[in-house]
Number of protein chains: 2
Amino acid sequence: MKSVGVVTPQRVSFDAPIALSGGATLPAFDLVYETYGELNAEGSNAVLVCHALSGSHHVAGVYADQPNNVGWWDNLVGPGKPLDTNRFFVVGVNNLGGCYGSTGPMSANPATGKPYGADFPVVTVEDWVAVQARLADFLGIDCWAAVLGGSVGGMQALEWTLQFPERVRHALVIASTPKLTAQNIAFNEVARQAILTDPDFHGGRFYEHGVVPARGLRLARMLGHITYLSDSQMAEKFGRELKNGKLSYGYGTDFQIESYLRYQGDKFTTYFDANTYLITTKALDYFDPARDYGGDLQAALARAKASFFVASFSTDWRFSPERSREIVYALMHNGRDVSYAEIECSAGHDSFLLDDAHYHAVVGAYFDRIET
Amino acid sequence: MKSVGVVTPQRVSFDAPIALSGGATLPAFDLVYETYGELNAEGSNAVLVCHALSGSHHVAGVYADQPNNVGWWDNLVGPGKPLDTNRFFVVGVNNLGGCYGSTGPMSANPATGKPYGADFPVVTVEDWVAVQARLADFLGIDCWAAVLGGSVGGMQALEWTLQFPERVRHALVIASTPKLTAQNIAFNEVARQAILTDPDFHGGRFYEHGVVPARGLRLARMLGHITYLSDSQMAEKFGRELKNGKLSYGYGTDFQIESYLRYQGDKFTTYFDANTYLITTKALDYFDPARDYGGDLQAALARAKASFFVASFSTDWRFSPERSREIVYALMHNGRDVSYAEIECSAGHDSFLLDDAHYHAVVGAYFDRIET
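Residues numbered from 1 in each chain as written. Chains lettered and ligands numbered in written order. Predicted model: local features only at pLDDT ≥ 70, side-chain atom pairs only at ≥ 80, totals over all residues. Heavy atoms only, no water.

All names here are of chain A. An ideal rise of 1.5 Å per residue puts 16 Å on twelve residues; helix H2 (residues 152-163) measures up with 16 Å between its terminal C-alpha atoms. With eleven of twelve residues buried, H2 lies mostly within the body of the structure. Among all positions of H2, only Val152, Gly153, Gly154, Met155, Gln156, Ala157, Leu158, Glu159, Trp160, Thr161 and Leu162 are buried. (Helix = DSSP H or I, 4+ residues; strand = E, 2+ residues; numbered from the N terminus. Expected span 1.5 Å × (residues − 1). Buried < 20%, exposed > 50% of the residue type's maximum accessible area, 1.4 Å probe, protein only.)

Below you can see the structure in the form of structure tokens.
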């Protein structure tokens, strides 16, 4: 199937200060974003794609000088694809606090001239959405045809319908949850502690020391991968297969799964920022729209006006189908228009990134009915 | 209910060398053990209790100078308890490679006079059982009335029936599995990498540096606790409760679950040895009696002659009931006498350590029918 082809990231600077949920104010910030397709004259065909933990603004296509750097959701977004760029104007943006070009911990703090590091404030899903709204203003988009995301990207799609009910017609909330469980938070906490206690973290000021907390970031990513895959898929893909045909009786590599996790962990440390990892896990932990409603999700979602597409995956044990159903029930009890797909897929949480035929068919069918 | 009261650990030295599964030979070794109750004249009432990852020989009772140091299975073992020390002579032993007094990485290597550290060989469940048989010889026990254990302790009970089919009449295999899954191995691998990459690990020779790899051991324990508890119990016990009533927007403690995990992790580093942790996770990973039978568990268990009690817990996601059923089916197809209890308990893997009335009733009923 065709790709959007060569794309070029854009940058926009915002000079109006932004007050964040935690009390801090950023005097100014940059956002890096990409667009695919054309905004129509009415401005009615714009779709925002929100990224998850390690994602970015690079949703589809490739860069002219990096032909192998394919956007993370290229299988879903493009001409003739489920999110069809022949019909829709699609926007991807690197979130505030990110490490792919938008203002974040690696950026220079105007107050000191040095990278923010640990001084970059914790940001929330609410903050991300407020910042995305600035981008929408800049692009001349009064109302998104749809906001779409998987995992913490789905939290952003949901948050759009609450913070800006008049500015989003459809929200696609995929492999997500209305809030993290204690177990979800626990996994995030172990990952954070791995980074925070790495001697190379230097209280978040590792840039100045010319090092990265690679040990901690590696462990965080290894642990993350366990929660992204299903038990059954891991069994199918790796089982108890040995790397070298026999047991080593040592601490080298015995099993294929060990080799896989180490490889993924090592690779991650070469391109991802540890402070961004910390910030993003906190945004996940904090997200809980029902918090101000005594835990009543139905009451929390009452102000949403969008139509919803919610999808979950049968083997996702990070954000199980049960968590998506909580969102669906709360929306239905508010009389909202909700489509829900519970998709049989063996790949666990990461299923939302895969080119599964049934999954893509239902997403495509949903987009087909969105008027532009 | 009554306890066995004040107990005193014993030590025995074995001078005959022992060849280990990995090819190494230990010239001599010590075992530390405890006994409760009296061995009868026929030697027919002896029960071996095998410990799990962080357990020890101190199964029941207290020490005269440590009245709060209660044995880890004191709720199960004692006069009038499910494993009744009025009827049975119960033995607890610290496994080879342990850190509670039996020869292990902290012991002096006779070849160098320094602690073994990383030179202590990887040992297996098979090795532990071979060593336990030496202790049985020393104690004059030709045949155990029963061998009992939970988790990796259950693996040892199962292994007894395979390595010494004539020396065990009953095996109680609780919250265990015939082999680890890829996901189980993955969790162990992240824990190992946390320890191995801690700069204070010093290739396992940290004793000589006067430090312990506390960061790594802490992370390993935090991660372990996530897998020992069930999602539902974590939700019930901690939920999203905040430690200080409000979000910190930082990396201190926001949620109760964070506080709990940090506390458990920190505490563990004060008493457990990192090399023992590594060795024990490898013993878990390697255990797979069906490996030499082309994965055919029924064939692997054909030589067992014991009667079996197998128990699992409904919310145990580390070693789920399904894994226990694999053992049960393989034994039944071999015509063995098997009792199986699948116990409703919210506490996940750690249920096997708890004083659950139904659980203790069935264990007690099983022991009641064992002739002495």
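With that settled, consider the sheet that holds strand E5 (residues 46-50) of chain A. Residues and elements named next belong to chain A. Across the sheet, which stays open at both edges, the eight strands sit in the order E1-E4-E8-E5-E9-E10-E11-E12 with mixed pairing between neighbours. In this open sheet, the two strands that pair with only one neighbour each are strand E1 (10-14) and strand E12 (338-343). Adjacent strand axes in the sheet meet at a mean angle of 20°, parallel and antiparallel pairs treated alike. Pairing of strand E4 (residues 29-36) with strand E8 (residues 89-93), which is carried by four bridges, proceeds in the antiparallel orientation. Across the sheet, Tyr36 pairs through a bridge with Val90, a residue of E8. Together, E1, E4, E5, E8 and strand E9 (144-150) form the strand contacts of helix H1 (residues 125-139), whose direction differs from that of E4 by roughly 60°. Together, E5, E9, strand E10 (168-174) and strand E11 (307-313) form the strand contacts of H2, whose direction differs from that of E9 by roughly 150°. (Pairing = 2+ DSSP bridges. Axes fitted to C-alpha atoms, helices over the stretch in contact; angles between N-to-C directions. Contact = heavy atoms within 4.5 Å.)

Moving on, we come to the side chain of B:Ser259. All names here are of chain B. Examined against the element boundaries, Ser259 turns out to sit in helix H6 (residues 256-269). Of the residues examined, Ser259 reaches a relative accessible area of 18% and is grouped as buried. Ignoring sequence-local partners within four residues, the contact set of Ser259 consists of Lys243 and Thr253.

As a further point, take the pairing of strand E12 (residues 338-343) of chain B. Walk down a regular strand and you will see the side chains alternate between the two sheet faces. All names here are of chain B. Two elements, strand E11 (residues 307-313) and E12, share six bridges in a ladder whose sense is parallel. Each bridged residue has a counterpart across the sheet, and for Phe313 the counterpart in E12 is Ile343. A crossover connection joins E11 to the parallel E12 through helix H9 (residues 321-333); in handedness this β-α-β unit is right-handed. (Right-handed = clockwise from strand over helix to strand, strands pointing away.)

Turning our eyes to something else, we now look at the relation of the copies chain B and chain A. Superposing chain B onto chain A requires a rotation of 180° together with a translation of 0.0 Å along the rotation axis, leaving an RMSD of 0.0 Å. The transformation just described matches what one would write down for a two-fold rotation axis. Same-surface contact between copies: 100% of interface residues of chain B are shared with the interface of chain A. (Least-squares fit on C-alpha atoms with pLDDT ≥ 70 in both.)

With that out of the way, let us pick up the sheet that holds strand E4 (residues 29-36) of chain B. Residues and elements named next belong to chain B. Spatial strand order, E1-E4-E8-E5-E9-E10-E11-E12: eight strands in an open sheet with mixed pairing. The sheet is open, and its two edges are formed by strand E1 (10-14) and E12, each paired on a single side. Taken over all neighbouring pairs, the strand axes of this sheet differ in orientation by 20° on average, direction set aside. For E1 and E4, the ladder comprises five bridges, and the chain directions are antiparallel. Directly across from Ser13, in E4, lies its bridge partner Asp30. Packed onto the sheet, helix H1 (residues 125-139) meets E1, E4, strand E5 (46-50), strand E8 (89-93) and strand E9 (144-150) and runs at close to 60° relative to E4. The strands touched by helix H2 (residues 152-163) within the sheet are E5, E9, strand E10 (168-174) and E11, with E9 carrying the most contacts at an inclination of about 150°.

The tally for this structure, following the rule as stated, stands at 46 aromatic pairs over all chains. Residues A:Trp317 and B:Trp317 carry aromatic rings whose centres are separated by 5.4 Å and whose planes lie at 45° to one another, so their mutual orientation is tilted. With A:Trp317 in the loop between E11 and helix H9 (321-333) and B:Trp317 in the loop between E11 and H9, this residue pair bridges two chains. With a relative accessible area of 22%, A:Trp317 lands in the partly exposed category. For the pair B:Tyr100 and B:Phe272, a centre-to-centre distance of 6.1 Å together with 65° between the ring planes defines the contact as edge-to-face. Highlighted residues: B:Tyr100 in the loop between E8 and H1 and B:Phe272 in the loop between H6 and helix H7 (274-286), separated in sequence by 172 residues. Overall, the relative accessible area of 26% leaves B:Tyr100 in the partly exposed class. By relative accessible area, which is 6% here, B:Phe272 ends up buried. Among the aromatic residues, those joined into a ring-pair cluster are A:Tyr100, A:Phe268, A:Tyr271, A:Phe272 and A:Tyr277. (Phe/Tyr/Trp six-rings, centres within 6.5 Å; stacked < 30°, edge-to-face > 60°.)

Remember, this is a structural readout, not a statement about activity or role.
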